[in-house]
Amino acid sequence: MLDFSLTEEQLTVRDVFRAFAESDVRPVAAELDRNPRFPAELFLRAGELGLFGMRYPPPDGTGADLLSYLLAVEEIARASLSVAAACSMQSLMGTFFIQRSAQGDVRERLLAPALRGEVIGAICMTEPDAGSDLFSMTTRAVETKGEWRVTGQKTWVTSAPVAHMFTVFARTGEQEISIFLVEKGAPGLQIGRDIDKMGVRASLTSEVSFDDAPAACMLGERGAGMESLREILCEIRLMTAALALGVGRAAFEDALAYSKQRQQFGRPICEFQAVQAHLAEMRTGLEAARSLTLWAAWSSMQGVDSNESSSMAKLFASETAIDVCDRACRVMASYGYAKEYPVERYLRDARFTLIGGGTSEILRGNLARGLVR
Ligand SMILES: Cc1cc2nc3c(=O)[nH]c(=O)nc-3n(C[C@H](O)[C@H](O)[C@H](O)COP(=O)(O)OP(=O)(O)OC[C@H]3O[C@@H](n4cnc5c(N)ncnc54)[C@H](O)[C@@H]3O)c2cc1C
């Protein structure tokens, strides 16, 4: 694929993470899916390569641009969406509010090790009865004697079983959501059951409950929770689009290679028009999704509001990834259905990109509301 508008620096970042993905991530991707566990060594290596501090300005991070970050995420996702999902959680949501708002001792103890991958961060927003409708959350934080204490039930918390710090969204008033940092070991903090998932299986997820658990600090202004979340929402959507592009590319490349080597009726199956149509549609969808994602990132870097463009990119890239992974399975037929080939994993993993960063239904609704407003 031609990288028409990328700078030398962006291409270097892409190449560094491509090399990491090929040499370290791809060889263990299938095993991590079969026997899910947190990919601790890969996580530390990603930290060494600077992934977790890319989006933060010096002295905390390197202040790399959004395009560079997305290229890095896409390369890791091409090898393993599980590993990429765990890493991108750390580099955005798991550390964002801490980098932005934590002060003093908490910041000193946690931020630098988190950006090296030694301290793992999780974000607790979703609740059993509050998914897309986050504002309906019931987790509460109450201040007593100058200390905030959190009570409530969170679910679908990525990296929770191994996390050292939890960024928790909680109600501090009827119409008020605030953000808190709760550290591992806080009394009343309990990691609940693991959620056994269809895909992204090495990106561990579980329930987390808080029973009058003391917060280490409030992150940001009281009541500014949803507004602060909106500040990184576009980036979360674009990061999810990059995850989708990575897994989609992997599926396309595998299907193309297989179609050239698999012989039926005395010729390679890539010579059949029906198979060619799949390959052409896959490639076209991916190029369109990639152009849309990079354009949305580029416009955001120019200071343009990317609410609409990031929604379109995330919607299109994730739906395209499903289509591409599904077509890859069709091209490979029974071998696309077999565990010994990775395409069935790609299809399972890709479904995550339909959900994280806002479901397709929610994004379509937001886009349409913007159009008819
Ligand atoms: C692998 C994985 C990791 C995750 N990690 C985290 C994490 O680390 N931290 C965290 O807080 N959360 C996490 N989540 C949760 C995720 O953010 C939520 O699953 C997501 O917000 C959707 O919520 P829900 O699953 O409860 O679906 P619901 O909101 O219940 O939606 C169910 C269906 O209704 C549709 N729907 C809902 N509202 C509307 C509407 N207004 N218009 C049209 N359709 C609508 C949805 O599109 C969907 O089809 C994770 C989820 C997954 C799958």
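Bear in mind that the values here come from a model prediction, so they are computed numbers and not experimental data.

Participant: Explanation requested: the overall build of the protein chain in the structure shown.
Facilitator: Helix and strand counts for the protein chain come out as 11 helices and 10 strands. Against the 2.2 N^0.38 benchmark of 21 Å for 373 residues, the protein chain shows a C-alpha radius of gyration of 21 Å, consistent with a compact globule. Along the first, second and third principal axes, the C-alpha set of the protein chain runs to 80 × 45 × 40 Å. Relative to its full complement of 373 residues, the protein chain shows a buried share of 50%. Sequence separation of 24 or more characterises 75% of the internal contacts of the protein chain that already satisfy a separation of 6 or more.

Participant: Would you mind going over the site of the ligand with me for this structure?
Facilitator: Around the ligand sit 19 residues, and of these Met125, Gly131, Ser132, Thr359 and Glu361 come closest. Classifying every residue of the shell around the ligand by side-chain character gives 10 nonpolar, 8 polar and 1 charged. Looking at which domains feed residues into the shell around the ligand, each of domain 2 (121-223) and domain 3 (226-372) gives three or more.

Participant: Looking at this structure, how should I read the nonpolar core?
Facilitator: Nonpolar side chains tend toward joint burial in soluble globular proteins. Counting 117 residues, the largest nonpolar core has Ile76, Phe180, Val247, Cys325 and Ala328 as the members making the most contacts within it. Counting residues per element, this core draws most heavily on helix H7 (residues 225-261), which supplies 15 residues.

Participant: Explain helix H8 (residues 273-301) here, please?
Facilitator: Residue pairs spaced three or four apart in an α-helix point in one direction, given the helix's 3.6 residues per turn. Taking 1.5 Å of rise per residue, the 29 residues of H8 would be expected to cover 42 Å, and the 42 Å separating its terminal C-alpha atoms lies within 8% of that figure. Looking at the residues trailing H8, positive phi occurs at Gly303, about 90°.

Participant: Looking at this structure, I do not really get the packing of helix H4 (residues 81-91) against H7. What am I missing?
Facilitator: Geometrically, a packed helix pair is captured by the angle between its two axes and the distance between the axes. One way to put it is that H4 packs onto H7 with a least axis distance of 10 Å and a crossing angle of 165°. Between H4 and H7, the interaxial angle falls into the category roughly antiparallel. Crossing handedness for the pair H4 and H7: right-handed. In this structure, H4 uses Leu81, Ala84, Ala85 and Ser88 to contact H7, whose residues at the interface are Met239, Leu243, Gly246 and Val247. Here the residues of the contact of H4 with H7 are counted per class, giving 6 nonpolar, 2 polar and no charged.

Participant: How do you make sense of helix H5 (residues 93-101) when you look at a structure like this?
Facilitator: H5 sits mainly inside the fold: 7 of its 9 residues count as buried. Among the residues of H5, those classed as buried are Met93, Gly94, Thr95, Phe96, Phe97, Ile98 and Gln99. In this structure, the buried side of H5 is in contact with H4, helix H6 (104-116), strand E1 (121-124), strand E4 (165-173), strand E5 (176-183) and H7.

Participant: Any chance you could explain the pairing of E1 here in plain terms?
Facilitator: It is a general feature of regular strands that their side chains alternate between the two faces of the sheet. Neither face of E1 is left uncovered, since the one carrying Gly121 and Ile123 and the one carrying Ala122 and Cys124 both have all their residues buried. Sheet topology note: the E1/E4 ladder contains 4 bridges and is parallel. Paired with Gly121 across the two strands is Met165, which belongs to E4.

Participant: Looking at this structure, how should I read the environment of Val304?
Facilitator: Relative to the assigned elements, Val304 resides in the loop between H8 and helix H9 (307-336). Between the alpha carbons of Val304 and Leu11 there is a distance of 23 Å; along the sequence they are 293 residues apart.

Participant: Before we go on, may I ask you to explain the environment of Ser206 in this structure?
Facilitator: Residue position: Ser206 is located in strand E7 (residues 205-214). In this structure Ser206 comes out as buried when scored by C-beta crowding, with 20 C-beta atoms within 10 Å. Separated by 29 residues in the primary sequence, Ser206 and Glu235 place their C-alpha atoms 24 Å from one another. The contacts of Ser206, once residues within four sequence positions are left out, are Val157, Ala160, Pro161, Ile191, Gly192, Arg193, Asp194 and Ile195.

Participant: Would you mind showing me how to read the domain arrangement of the protein chain here?
Facilitator: Often, the extent of an interface is quoted as the loss of accessible area upon association of its parts. The domain boundaries assigned to the protein chain delineate domain 1 (8-116), domain 2 (121-223) and domain 3 (226-372). Between the C-alpha centres of domain 1 and domain 2 the distance comes to 22 Å. In this complex, domain 1 contributes 24 residues to the contact, which on the side of domain 2 involves 19 residues. Split by residue class, the side of domain 1 that touches domain 2 holds 16 nonpolar, 5 polar and 3 charged.

Participant: Where do I start with the pairing of strand E3 (residues 147-158) in this structure?
Facilitator: In this sheet, E3 lies alongside strand E2 (residues 140-144) in antiparallel orientation, the contact comprising 5 bridges. Within E3, the residue paired with Thr144 across the bridge is Glu147. Taking the residues that link successive antiparallel strands as the turn, the E2-E3 hairpin has 2 residues, and the phi of Lys145 there is positive, at about 50°. By the bridge criterion, 7 bridges tie E3 to E7 in an arrangement that is antiparallel.

Participant: Explanation requested: unusual backbone geometry in the structure shown.
Facilitator: Trans peptide bonds make up the majority, and among non-glycine residues the majority have a negative phi. Pro59 follows Pro58 through a cis peptide bond whose omega is 5°. Here the phi dihedral of Asp212 falls at roughly 60°; this positive angle occurs in a residue that is not glycine. Take Asp212: it is sitting in strand E7.

Participant: Got a minute to help me understand the environment of Leu70 in this structure?
Facilitator: Of note, Leu70 is situated in helix H3 (residues 66-79). As for Leu70 and Ser88, which are separated by 18 residues in sequence, their C-alpha atoms are 9.7 Å apart. Those residues within four positions of Leu70 in sequence are excluded, and the remaining contacts are Leu238, Met239, Ala242, Thr293 and Ala297.

The rules behind each value
Each chain carries its own residue numbering, running from 1 in the written order of its sequence. Note on the predicted model: pLDDT of at least 70 is required for a residue's local features to be given, and 80 or more for side-chain atom pairs to be given and counted; whole-chain, interface and lining totals, by contrast, use all residues. The way it works is that DSSP assigns letters per residue, a run of H or I at least four long becomes a helix, a run of E at least two long becomes a strand, and they are numbered from the N terminus. For this measure, only C-alpha atoms enter the radius of gyration; the expected value for a globule follows 2.2 Å times N^0.38, where N is the number of residues. Residues are called buried when their C-beta atom has 20 or more other C-beta atoms within 10 Å, exposed when it has 12 or fewer, and partly exposed otherwise; all C-beta atoms are positioned from the backbone. By definition, residues are in contact whenever their C-beta atoms, placed on the basis of the backbone, come within 7 Å of each other. Near, for a residue, is defined by distance from a backbone-placed C-beta atom to a molecule or strand, with 6 Å as the limit that must not be exceeded. Residues are grouped as follows: nonpolar covers Ala, Val, Leu, Ile, Met, Phe, Trp, Tyr, Cys and Pro; charged covers Asp, Glu, Lys and Arg; every other residue, Gly included, is treated as polar. Segmentation into domains, and thus their bounds, comes from an automatic or database assignment. A set of buried Ala, Val, Leu, Ile, Met, Phe, Trp, Tyr and Cys residues, joined through C-beta atoms within 7 Å, is what we mean by a nonpolar core. A helix is expected to span 1.5 Å for every residue after the first. Axes here refer to lines fitted to C-alpha atoms; in helices the fit is confined to the stretch in contact. Angles between the N-to-C directions go from 0 to 180 degrees. Orientation labels follow simple angle bins: below 35 degrees gives roughly parallel, above 145 gives roughly antiparallel, 65 to 115 gives roughly perpendicular, and whatever is left gives oblique. Each crossing gets its hand from how the near helix is turned against the far one by less than a right angle, where anticlockwise is left-handed and clockwise is right-handed. For two strands to be treated as a pair, DSSP must find no fewer than two bridges joining them.

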